[in-house]
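# Secondary and tertiary structure notes
The residues making up each chain are set out below.
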Amino acid sequence: MTTTSIGNTPIRRCDFLSTLFNTNVFIKEEFHNLGMSAKDRPAYFMIQDAIKAGRIQPGGTFVEASSGNTGLGITIIAKQMGYQAKIFVSKSCSQEKIAILTNAGAEIEICDNSNGLHDFHSTQFRAQSFAATHANTYFTNQYYNTQNIRAHYKTTGPEIWEQTQGKITHFLCGVGTGGTISGVGRFLKEQQKNICIWGIEPEGSILRHFLLSGTVPNEIKPFDAIEGIGRNFIPGSFDPQQIDTIFQVGKAETIAMARAYRDETGILSGFSSAAVLASLKRYNKEMQLNPSHTVLLFFPDHGSRYVSKLYAETADKQRETVKTHP
Ligand SMILES: Cc1ncc(COP(=O)(O)O)c(C=O)c1O
């Protein structure tokens, strides 16, 4: 992508995970992007598309409903191009992300949930209403904007194919809007149709049910949030045709896996990244990975955004150490 440093993020082999799961595990580290997450990619595509189509004039305001990462990408890119940003985040958004968004210059509104456009209290409904009632605003609408999938089809997918020299056999990533898995999945399957495209979502999210049955469950229940992934509606950016399986994991096992990975590697993984790790542990037998495979884990962001949620026991320990060793 152009002037800004978005895309071309590195892929790193992880010896610890390769040994643990008896295969070749590589990690695509998306926190090297400008706004430190994968969501800079759709943010850039959606903004460029709106400007080119004349849907917003210079100085206008981009509006988005976001768990934080898309919002940050939108805010930074908008600012650098002479626009404003108004971001509707759900109250489950981490304090770190809200602080980063505010510092980047976003105007923020905190909403009760991100249940989709049919819920009056959701980030999506409030964002759409705001854009509809304010002049020179544009709702980028990542859940339905075709540029979301396109960004990953045009950039993330080709990067992964090139960086693995076409050896990739499995792609694993968390699913929220579905943009990443749908775009990357489509590109990779066009190169080699046998590549396994596996999504991960929290238990209680309905995307697995939809993938298996083509319907939504009769009863939709609240579930334990893993920031960035899991939905109780079917986003337009979710293309089931590109996905082989969706695995479900729990919040507690995700947190446990984030801490185990940190203890072995010294690296703080993001919340949804840790969910991918939890799926490898829980579904290890079913996945049938072996040393001939090249497994790519998609890490959309970094654990520094979730210190208070994922790694708080370390913070407590540190405070103790500071107290006892002045
Ligand atoms: C941390 C994190 N992980 C995963 C996702 C899901 O990615 P996608 O929306 O492309 O499905 C998001 C989306 O916002 C995210 O912020």
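Description of the structure in this document. Just so it is clear, the structure is predicted and the values come from calculations on it, not from any experiment.

### What to know about the sheet that holds strand S5 (residues 107-111)
Reading across the sheet, the four strands line up as S5-S4-S3-S6 and stay open at both edges, with parallel pairing between neighbours. Strands with a single pairing partner mark the edges of an open sheet, and in this sheet they are S5 and strand S6 (137-139). Within the sheet, the average angular offset between the axes of one strand and its neighbour, ignoring direction, is 20°. Sheet topology places strand S3 (residues 61-65) next to S6; three bridges connect them, and they run parallel. Bridge pairing in S6 links Phe62 to Tyr138.

### Quick notes on the packing of aromatic side chains
Throughout the structure, instances matching the rule amount to twelve aromatic pairs. One aromatic cluster in this structure is built from Phe62, Tyr83 and Tyr138. Positioned over the ring face of Tyr153 is Arg186, at 4.4 Å from the centre of the ring.

### Considerations on the sheet that holds strand S10 (residues 294-299)
Taken in spatial order, the six strands of this open sheet run S1-S2-S10-S7-S8-S9, and their pairing is mixed. Each edge of the sheet is formed by a strand with only one pairing partner; in this case those strands are strand S1 (11-13) and strand S9 (245-249). Recorded for the sheet is a direction-independent mean angle of 25° between the axes of neighbouring strands. Note that strand S7 (residues 170-174) and strand S8 (residues 196-202) share five bridges and pair parallel. Across the sheet, residue Gly174 finds its bridge partner in S8, namely Ile200.

Rules of the game
- Residues numbered from 1 in each chain as written.
- Predicted model: local features only at pLDDT ≥ 70, side-chain atom pairs only at ≥ 80, totals over all residues.
- Heavy atoms only, no water.
- Pairing = 2+ DSSP bridges.
- Helix = DSSP H or I, 4+ residues; strand = E, 2+ residues; numbered from the N terminus.
- Axes fitted to C-alpha atoms, helices over the stretch in contact; angles between N-to-C directions.
- Phe/Tyr/Trp six-rings, centres within 6.5 Å; stacked < 30°, edge-to-face > 60°.
- Lys NZ or Arg CZ within 6 Å of the ring centre and 35° of its normal.

The values reported here are purely geometric and, on their own, carry no functional implication.
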